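What the coordinates show
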Amino acid sequence: MSDLHCNSVSPLFSEETIKQRVREIGQQISEDYAGVTSDSPLSLIVTLKGAFMFAADLVRSITVPCCIDFIHASSYGSGKTSSGNVSIRHNLNVTGHHLLLVEDIVDTGLTLQQISAELMAMQPASLNICTLLDKPEARKYPVNVAYSGFTVPNAFIVGYGIDFNERYRELPFIGVL
Ligand code: 5GP
């Protein structure tokens with residue numbers, strides 16, 4: 001990693017801080033879903049690409065039976081501003097499943113509102129939202145978040161899976177670009 005690469009990102013949460021918080025969320029989820037069984041496991045629906053790293057760590061902190069699937073969502077064209085149009089791609093059949101939607105950042109709330117509506121139309125047994133980061137100041141569409149890692153300011157965040165034009169995903173920490 002070049003110095004220039006790191007210098008352009010002001011750290012917000014260190015690798016250690018993230019690890020600890022992800023472990024806590026995993027424990028909370030495991031307690032809340034203690035009733036799920038191997039026949040009817042918890043389904044983590046992970047939004048790509050931003051939540052891939054969070055989900056990989058989170059799933060290793062969850063101790064109840066679970067399975068993982070992916071949904072591709074993008075609202076950002078190129079650059080730092082949302083296009084306002086959410087493109088959602090998936091091949092899921094979640095009828096009757098207990099769903100936990102795993103997201104990287106809730107910003108305006110539009111992406112999660114649209115994904116939730118699509119999933120709810122398939123009549124899951126339940127649906128909850130888990131986000132690594134929440135930007136409450138940017139909210140325009142109400143979203144009911146059950147699990148949130150950290151509250152962040154209304155700034156452009158990168159690292160730990162979260163990109164700017166496909167860069168910075170590999171950073172082990174989270175920061176402001
Ligand atoms: P929303 O639909 O809630 O406005 O935006 C959600 C999506 O926009 C997130 O899943 C993420 O992909 C992207 N996003 C929102 N805020 C940021 C940010 O600060 N940095 C990056 N890299 N992406 C963001």
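A short tour of the structure in this document, coming up.

Conventions used here
- The written sequence of each chain sets the order in which its residues are numbered from 1.
- Given that this is a predicted model, residues contribute local features only at a pLDDT of at least 70 and side-chain atom pairs are listed and counted only at 80 or more, while totals for whole chains, interfaces and linings are drawn from all residues.
- Side-chain numbers here rest on the full set of heavy atoms in the structure, without hydrogens or water.
- Should DSSP find at least two bridges between two strands, the strands are taken to pair.
- Labels follow the DSSP assignment, with helices taken as runs of H or I lasting at least four residues and strands as runs of E lasting at least two, numbered in each case from the N terminus.
- Proximity criterion: a residue is near a molecule or strand once any of its heavy atoms comes within 4 Å of it.
- Think of a polar contact as two N or O atoms within 3.5 Å of one another; within protein, one of them needs to be a possible hydrogen donor and the other a possible acceptor, and neighboring residues in sequence only count if both atoms come from side chains.
- Accessibility throughout is a Shrake-Rupley quantity obtained with a 1.4 Å probe, and a residue counts as covered only by protein chains that appear here.
- We call Asp, Glu, Lys and Arg charged. Ala, Val, Leu, Ile, Met, Phe, Trp, Tyr, Cys and Pro are nonpolar, and the rest, Gly among them, are polar.
- Think of it this way: a Phe, Tyr or Trp ring, Trp meaning its six-membered ring, pairs with another when their centres are within 6.5 Å, and the plane angle makes it stacked under 30 degrees, edge-to-face over 60, tilted otherwise.
- Geometrically, a lysine NZ or arginine CZ counts as sitting over a ring once it is within 6 Å of the ring centre and also within 35 degrees of the ring normal.
- Interaxial angle, 0 to 180 degrees, is taken between N-to-C directions of lines fitted to C-alpha atoms, where a helix line uses only the stretch in contact.
- Oblique is the label for every angle not falling under 35 degrees (roughly parallel), over 145 degrees (roughly antiparallel), or within 65 to 115 degrees (roughly perpendicular).
- Less than a right angle of anticlockwise turn of the near helix away from the far helix marks a crossing as left-handed, whereas a clockwise turn marks it as right-handed.
- What makes two residues a contact is simply this: any of their non-hydrogen atoms within 4.5 Å.

**Some thoughts on the sheet that holds strand β9 (residues 174-176)**
- Ordered in space as β1-β9-β8, the three strands form an open sheet in which the pairing is antiparallel. Pairing within the sheet leaves two strands with one partner each, and these edge strands are β1 (10-13) and β8 (157-158).
- Two strands pair when backbone bridges link them, and β8 and β9 are joined in this way by two bridges, in the antiparallel orientation. The residue bridging I157 from the neighbouring strand is V176, located in β9.

**Re the site of the ligand**
- Lining the immediate environment of the ligand, one finds 16 residues, of which D104, T108, G109, T111 and D163 sit closest.
- Here an oxygen atom of the ligand and a side-chain polar atom of E103 are 3.2 Å apart.
- Considering the ligand on its own, with 510 Å² of exposed area, one finds that the protein chains cover 91% of that surface.
- Those elements giving two or more residues to the shell around the ligand turn out to be β3 (66-76), β5 (98-106) and α4 (110-120).
- It is β5 that provides the largest number of residues to the shell around the ligand, a total of three residues.
- Here the residues of the shell around the ligand sort into seven nonpolar, four polar and five charged.

**Re the packing of aromatic side chains**
- Counted by the stated rule, this structure contains two aromatic pairs.
- Aromatic pair F156 and F164: ring centres 5.7 Å apart, planes at 80 degrees, arrangement edge-to-face.
- Over the face of the ring belonging to Y168 we find R167, whose NZ or CZ atom lies 5.8 Å from the ring centre.

**What to know about the packing of helix α2 (residues 15-32) against helix α3 (residues 52-59)**
- Close contact between α2 and α3 brings their axes to 9 Å; oriented N to C, the two are set at 60 degrees. When the interaxial angle is binned, α2 and α3 end up oblique. Between α2 and α3 lies a crossing whose hand is right-handed. In this structure, α2 contributes V22, I25, G26 and I29 to the contact, and α3 contributes F54, D57 and L58.
- Residues that form the contact of α2 with α3 fall into these classes: five nonpolar, one polar and one charged.

Function cannot be read off these values alone, since they describe shape.
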